[in-house]
Amino acid sequence: MDAVTLEHITKTYEKGTVRAVEDVSFAVKPGELFGLIGPDGAGKTSIFRILTTLLLADSGTATVGGHDVRTDYQAIRNTVGYMPGRFSLYQDLTVQENLNFFATLFDTTIAANYALIKDIYEQIEPFRDRRAGKLSGGMKQKLALCCALIHKPTVLFLDEPTTGVDAVSRKEFWAMLGQLRQQGITILVSTPYMDEATLCERIALLQGGKILSIDTPDNIVRAYPHPLFAVKTDAVHSLLHDLRAYTPVLSSYAFGEFVHVAFRQNQPNNDAALRDYLRARQHTGIVVKPIAPTIEDRFIELMTANSTAAHGN
Amino acid sequence: MKQLLVFIRKEFYHVFRDRRTLLILFGLPTAQILLFGFALSSEVKNINLAVVDFAHDQATQHIIGKLQASRYFHLQQAPLSYAAMETAFRQGKIKAALVFPANFSADLGHTGRGQLQIVADGSDPNTASTITTYLTAIVGDYQRQLNQAAGALPFQIVPETRLLYNPEMNGSLNFIPGVLALVLMIVCTTLTSVSIVREKERGTMEVLLVSPFRPLLVLIAKAVPYLVLSLLDFTLILLLSVFVLDVEIRGSVMLLYGVSTVFIVACLSLGLLISNVTASQQVAMLVSMMGMMLPTLLFTGFMFPLENLPGPLRLIPNLLPSHWYYLVVKAVMLKGLGFGAVWRETLILLGMSVALLGISLRNFNIRLA
Amino acid sequence: METNPAPAISSHELSKHFDGFRAVDRISFEVAPGEIFGFLGANGAGKTTAMRMLCGLSYPTSGQATVAGFDVYRQQEQIKQNIGYMSQKFSLYEDLTVLENIEFFGGIYGLTNQQLRTKSEELVTTLGLQSEAKKLVRGLPLGWKQKLAFSVAILHDPKIVFLDEPTGGVDPVTRRQFWELIYAAADRGITAFVTTHYMDEAEYCSRVCIMVDGRVEALDSPANLKQQFHTDSMDDVFYQLARGAQRGE
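What counts and what doesn't
Residues numbered from 1 in each chain as written. Chains lettered and ligands numbered in written order. Predicted model: local features only at pLDDT ≥ 70, side-chain atom pairs only at ≥ 80, totals over all residues. Heavy atoms only, no water. Helix = DSSP H or I, 4+ residues; strand = E, 2+ residues; numbered from the N terminus. Buried < 20%, exposed > 50% of the residue type's maximum accessible area, 1.4 Å probe, protein only. Contact = heavy atoms within 4.5 Å. Areas by Shrake-Rupley, 256 points an atom, 1.4 Å probe, with all protein chains shown as cover. Buried area = accessible area lost by both parts, 1.4 Å probe. Salt bridge = Lys/Arg side-chain N within 4 Å of Asp/Glu carboxyl O. Polar contact = N/O pair within 3.5 Å; in protein donor to acceptor, adjacent residues only side chain to side chain. Nonpolar A, V, L, I, M, F, W, Y, C, P; charged D, E, K, R; others polar. Expected span 1.5 Å × (residues − 1). Core = buried A, V, L, I, M, F, W, Y, C linked by side-chain atoms within 4.5 Å. Pairing = 2+ DSSP bridges. Axes fitted to C-alpha atoms, helices over the stretch in contact; angles between N-to-C directions. Left-handed = near helix turned anticlockwise from the far one by under 90°.

**Student:** Lay out the overall build of chain A with the relevant residues and their values.
**Tutor:** Looking only at helices and strands, chain A has ten helices and 14 strands in total. For chain A, the proportion of its 313 residues judged to be buried stands at 56%. In chain A, the proportion of contacts linking residues at least 24 apart, taken out of those at least 6 apart, comes to 70%. Approximately 12500 Å² of chain A is accessible, and the part contributed by carbon and sulfur atoms is 50%.

**Student:** Give a detailed account of the interface of chain C and chain A, specifying residues and quantitative values.
**Tutor:** Many authors give the size of an interface as the accessible area that is lost as the parts come together. Taken residue by residue, the interface counts 33 residues in chain C and 33 residues in chain A. Both sides of the chain C and chain A interface together cover about 2800 Å² of buried area, and 58% of this is carbon and sulfur. At the surface where chain C touches chain A, the tally comes to five salt bridges. In this structure, the salt-bridge partner of Asp-235 of chain C is Lys-171 of chain A, at a minimum N-O distance of 3.5 Å. Across the chain C-chain A interface, the total number found is eight residue pairs in polar contact (both at pLDDT 80 or more). Going through the elements one at a time, helix 5 (142-153), helix 6 (172-187), helix 7 (199-202), helix 8 (222-228) and helix 9 (234-242) of chain C are the ones with two or more residues in the side of chain C that touches chain A. Considering each element in turn, the side of chain C that touches chain A owes the most residues, eight residues, to helix 6 of chain C. Counted by class, the side of chain C that touches chain A contains 16 nonpolar, five polar and twelve charged residues.

**Student:** Give me helix 10 (residues 253-277) of chain B: which residues, what numbers.
**Tutor:** Residues and elements named next belong to chain B. With 25 residues, helix 10 extends 36 Å between its outermost C-alpha atoms, agreeing within 8% with the 36 Å of an ideal straight helix rising 1.5 Å per residue. Most of helix 10 sits out of view: 18 of its 25 residues are buried. Looking at where helix 10 begins, the residue whose side-chain oxygen comes 3.3 Å from the main-chain nitrogen of Met-254 is Ser-252.

**Student:** Explain the pattern of salt bridges to me, and be specific about the residues and the numbers.
**Tutor:** Residue and element names in this part refer to chain C. Overall, the coordinates contain 39 salt bridges over all chains when judged by the stated rule. For Arg-215, the salt bridge goes to Asp-25, with nearest N and O atoms at 3.8 Å. With Arg-215 in strand 10 (residues 215-220) and Asp-25 in strand 2 (residues 21-31), this pair connects stretches of sequence that are 190 residues apart. Residue classification places Arg-215 among the partly exposed positions, given a relative accessible area of 36%. Residue classification places Asp-25 among the buried residues on the basis of a relative accessible area of 7%. Taken together, the shared-partner salt bridges connect Arg-22, Asp-25, Arg-26, Arg-215 and Glu-217 into one network.

**Student:** Tell me what's going on with the arrangement of the chains, and back it up with residues and numbers.
**Tutor:** Highest in contacts among the two pairs of chains that touch are chains A and B. Left apart from each other, chain B and chain C have a closest C-alpha approach of 17 Å.

**Student:** I'd like a rundown of the nonpolar core, residues and numbers included.
**Tutor:** Ranked by size, the top nonpolar core spans 102 residues in total, and within it Val-4, Leu-145, Phe-157 and Leu-188 of chain A carry the most contacts. If you look at the next biggest cluster of nonpolar residues, it comprises 71 residues, including Val-261 of chain A together with Leu-127, Ala-133 and Ile-190 of chain C.

**Student:** Tell me about the interface of chain B and chain A, and name the residues and values.
**Tutor:** At the junction of the two partners, chain B supplies 28 residues and chain A supplies 32 residues. Regarding the contact of chain B and chain A, the summed buried area is about 2900 Å², with carbon and sulfur atoms giving 59% of it. Looking at the side of chain B facing chain A, the largest losses of area belong to Arg-17, Val-210 and Arg-367 of chain B, adding up to 25% of the total buried there. Linking chain B with chain A are two salt bridges. One salt bridge in this structure joins Arg-49 of chain A and Glu-206 of chain B, with 2.9 Å as the shortest N-O distance. Linking chain B with chain A are eleven residue pairs in polar contact (both at pLDDT 80 or more), by the criterion used here. At the level of secondary structure, the elements contributing two or more residues to the side of chain B that touches chain A comprise helix 1 (2-16), helix 7 (175-202) and helix 8 (204-209) of chain B. When residues in the side of chain B that touches chain A are grouped by element, the largest group, seven residues, is from helix 1 of chain B.

**Student:** Provide a residue-level description of the environment of Leu-306 of chain B, including the pertinent values.
**Tutor:** All names here are of chain B. Residue placement: Leu-306 occurs in the loop between helix 11 (281-299) and helix 12 (321-334). A relative accessible area of 18% places Leu-306 in the buried class. Spatially, the C-alpha atoms of Leu-306 and Val-328 are 16 Å apart, while their sequence positions differ by 22 residues.

**Student:** Account for unusual backbone geometry, naming residues and giving values.
**Tutor:** Note on backbone geometry: most residues besides glycine have negative phi, and most peptide bonds are trans. Residue and element names in this part refer to chain A. The phi angle at Asp-23 is positive, at roughly 50 degrees, despite the residue not being glycine. Relative to the helices and strands, Asp-23 is located in strand 2 (residues 18-28). Look at Glu-160: it is not a glycine, yet its phi comes out positive at around 45 degrees. Inspection of the secondary structure puts Glu-160 in the loop between strand 7 (155-159) and helix 6 (167-182). Taking relative accessible area as the criterion, Glu-160 reaches 11% and is therefore assigned buried.

**Student:** I'd love a proper account of the sheet that holds strand 4 (residues 59-64) of chain A, names of residues and values included.
**Tutor:** Residues and elements named next belong to chain A. Strand order in the open sheet formed by four strands is 2-1-4-5, with antiparallel pairing between adjacent strands. Edge strands, defined here as strands with exactly one partner in the open sheet, are strand 2 and strand 5 (67-68). Relative to strand 5, strand 4 is paired through two bridges, and the arrangement is antiparallel. From the neighbouring strand, Thr-63 faces strand 5, where its bridge partner is Asp-68. The strands touched by helix 1 (residues 44-51) within the sheet are strand 1 (4-13), strand 2 and strand 4, with strand 1 carrying the most contacts at an inclination of about 120 degrees.

**Student:** Describe in detail the packing of helix 12 of chain B against helix 13 (residues 339-363) of chain B, supporting the description with residues and values.
**Tutor:** Residues and elements named next belong to chain B. It is the contact of helix 12 with helix 13, at a shortest axis distance of 9 Å, that shows an interaxial angle of 145 degrees. Considering only the axes of helix 12 and helix 13, their crossing is left-handed. Between helix 12, through Pro-321, Trp-324, Tyr-325, Leu-327, Val-328, Ala-331 and Val-332, and helix 13, the contact on the second element is made entirely by Val-342, Glu-345, Thr-346, Ile-348, Leu-349, Met-352 and Leu-356. Taken together, the residues of the contact of helix 12 with helix 13 sort by class into twelve nonpolar, one polar and one charged.

So this is what it looks like as C-alpha cells:
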C-alpha cells in the first residue's frame, strides 16, 4: 500500500479564479524520500495542506497512510508529522518547553522517542533553556524538525524547510533527512532549490500547479532530449545575445559562468560551428564543451515546452 | 487530560512572558479604577451657590452668613428669583442653590419644623452629591445651635434635595460596574482573539491542527487561562474599589462572581468568533476594539446616560451583553439587590452567552479555510 | 559610458558594533564601476548590517567607506540619491498599478514628468508589460514583480544598485531573465551589489565576497575561488568557509 496517494487533485482559490493545483496525481511509497520541486506559486504548499487535512481539495481524492484526507482527517492527524513553511515554534518558549509541549500534544514524551531525534537534538541541547526566538535560523530549523518528529510519525511533511536558510545549514539539514530515511519514515519535502532535488529518491517537478514530470532524479535528467554544451567567453552578456541570434541554437540559459546551449538539430559538428560563429563575433576566451544536463536544465526545458502555448508567466 | 493541562500551562507562559499583555491585564484595570475613582470624587471647593430667599428673616440670614463663611462655597451676591435661578443653572453660572420658602421661619417657630430646598446640578453627579452633603451639614449645624439655645422644644429643619438634569444620580459610582464590563471585555475578547490569531500568523496553528489534539480542545485550552485571568482581574477591581475607593459592596459577592462568569463566557465566545474571521493580530485587535469596546463605552450607560439616546438607538443597548451585565452588577453591588431582583437580566445574559458560545463553536474551523 | 576611475564602492576597515558585539568586523574591499559584486554569507554573518551602512541607513562604528564617491558618515543624503535598492521583502506597492508604481518611485527620485513618461514607456516595453501597465501589481506573477521591481530600482540611473536576495523563490527561467537585466544594467555602467542564498547564482557575479562572522573571509572571482578551494562548485567553496562559523542570526 502506498504511503501517500493523490488522484486528480485540483484546488482553486478566490472563487476559482486562481488555480493553485491542477489535476495532480502521484503516489509515494512507504519509506520513500519524495521531493516536490518548484518555484513559489507552483502549488507545493497547497498540496501539503491538502495532504495534512488542513485544506479541502475542490476535486479529486487523496489518502495518507490509507486514510482519506477528507473523511478520515483525525486518523491522519494522529499519525503524520508536519513542518509548515515558516518555523512554527513558539518564539517565547524555550527549546525544552517547545519540545515538551509538542510531545505532550501528541500524547507522548521526549523520552519515549528519544532515539529518533537524538542525533538532531544533541546539536541543540546546549541551548535547551534558550527561547526559540533567540535561536539562529539553522537551530530553529533543527528544533522544528525535532518537534515534528517527536511522536514518531509514519509520514513526515516538510514544506520548504530550507528556504531562507544559508547553504551550510541546508547541507546539514539534508544530511539529517538522509538519516531519518534509514529509520523507515516516509518523507515528503518541498523546495524551490533545484540542486536539492538530487538528494531525493523521487521527485515531482511542479510549475503553475501542474506536474511537469515525476521520476527519480537520474531518470529525469536522462530524459533531457538534447545533447547539451557549456559555453563560455570573456563577455557573458553579449554571448547570450549572440547565441540567441544564432539559428541552430534551440535554447541558451546562463548557468553561472557558463551558458548551457542545446541545438535544434543533433549535428556532430555543432560545437565546432558554434566556435567559429563566436570567433566571427569577436569573442575571446571561447570554451565549448559537452556536459551532462542537470535537473534545472530539464526543468527549464519542460517549463518552456509547456508554456509555448501560454506565453509569459 | 494531561495534554490540555500542558496546553493551558503554555498559554500562561505566553501571558507571563509578554510585558504588554501583563500591562493590559493588571495595569489597565488599576489605572482605570484609580482614574475614575479619584478624578470624579475629589474634594470640591469654591462652588458657585445662589440663594433664593422668599423668607428674608433672621433665621435665613443666619444660615446665609454661615454659607458665606464657608470655604466650600462662593455665594452669588443678590438673592435670585426662582426663574432667575433656573436660568443661572442652565448657563452654568451656579452649581447649586438653596431655596427658603416664604414661611420658613414661621413654620420653624410654630410647628418646630422648617422646610428648605437644596437644588444641585445633577449632570455632574459626584460634585452634586458632595455639595448636597456640605449644604445639609451646614443647615444641620444651624439646627443644632437653635436646639441648644431653645432647650426642651426640638427644632427640626428638613432639607428637601432636588437634583436638576440627573435626578437618579446616575454615574456616581456607576463607573465601577462599567469598568468591570470594559476590562472583562478587553481580557476575554481582545486578548483571547489576539492569542489565537497570533498562532495563525506564526504558523503554529497549522501544527496544532495537524496533531491528534482535538480542535475543540484547542478552544478550551485557549479559553481557560483567560477565564482565570479575568476572574483575577475582577477580584482586583473589587479589592481596589473596596480598599482604595471605600466603596461598599452591598449585595452578594458570590452572585457577582456568578454573573461575571456568565458574562466572561459571552466575551470569550465573541473572542473566538473574531479569531475565526480574522487572519492578523492587528485586524483582530481593531475588530474587538471598534466592534466591542466602543459599543460598551457608548451604550451600556456608564459613560453617557442612555436616556439621552435618540429613539431607535435606544434599542441598541438591549443587544449588548455588557449592558445587561452592567445592570446586574450595578443592582447587586451598589444597590444591594439579590438574585430575585435581577433574575430577568441574568437570564437574558445567560441566553446570550449560550447563543454566542454555540455560534462560535459551530464556526470554528477544523481546517485552514 | 564614461568610465569613472574612482571605485563605485570602497570600504576600509569598516566596522559596526552593537553593545560590544562585532556585527561587522573591519571589512575592506573595493567594487569597480559596472561590476557585479556578489555579497555572500551565512545567516547572521553581517551581510545586512554591512549593506545598511553602505546604503546610508546606519552609521558605522569605525572605519571608512565611500559609495559613489560619497562618505558614509557625512554624505548619506547624496548616497541615497545615487543608489537604487531592491529587496525580496519590500519592492513594490501591491495595491498600485504598474504605472503608478513607476510614477511614484520615479517621483521620489525627482524625475521630471517628461522623463517619467519616456522612462515608463521604455520600461513597460522592455519588460513586455504593455497589457498589464494599468493593472494592479498584486495580480502579476512573482517573477514579473521582481523584474519590475529591479527596473524601478534603476529608473533614476543610479551609480549603484543594491539587491538584497532578489531572486528568492523565482522559477529558473525567470531567474535567468532577471540576471540578464542585471547584466544589461552593468553594461550601462550601473554597479550591482547582490546578496543571495543561491550559491550557483554567485557564479554569475564578476567577483564574490564571502563573509563569515562579520569578517571578509574570501574575495575573488568565482573561477579563482573554486580553483583556490580545489572544487568545481561555489556551494562547496562557501561550505568550506562558512562551516566554521561561530554564530547564527
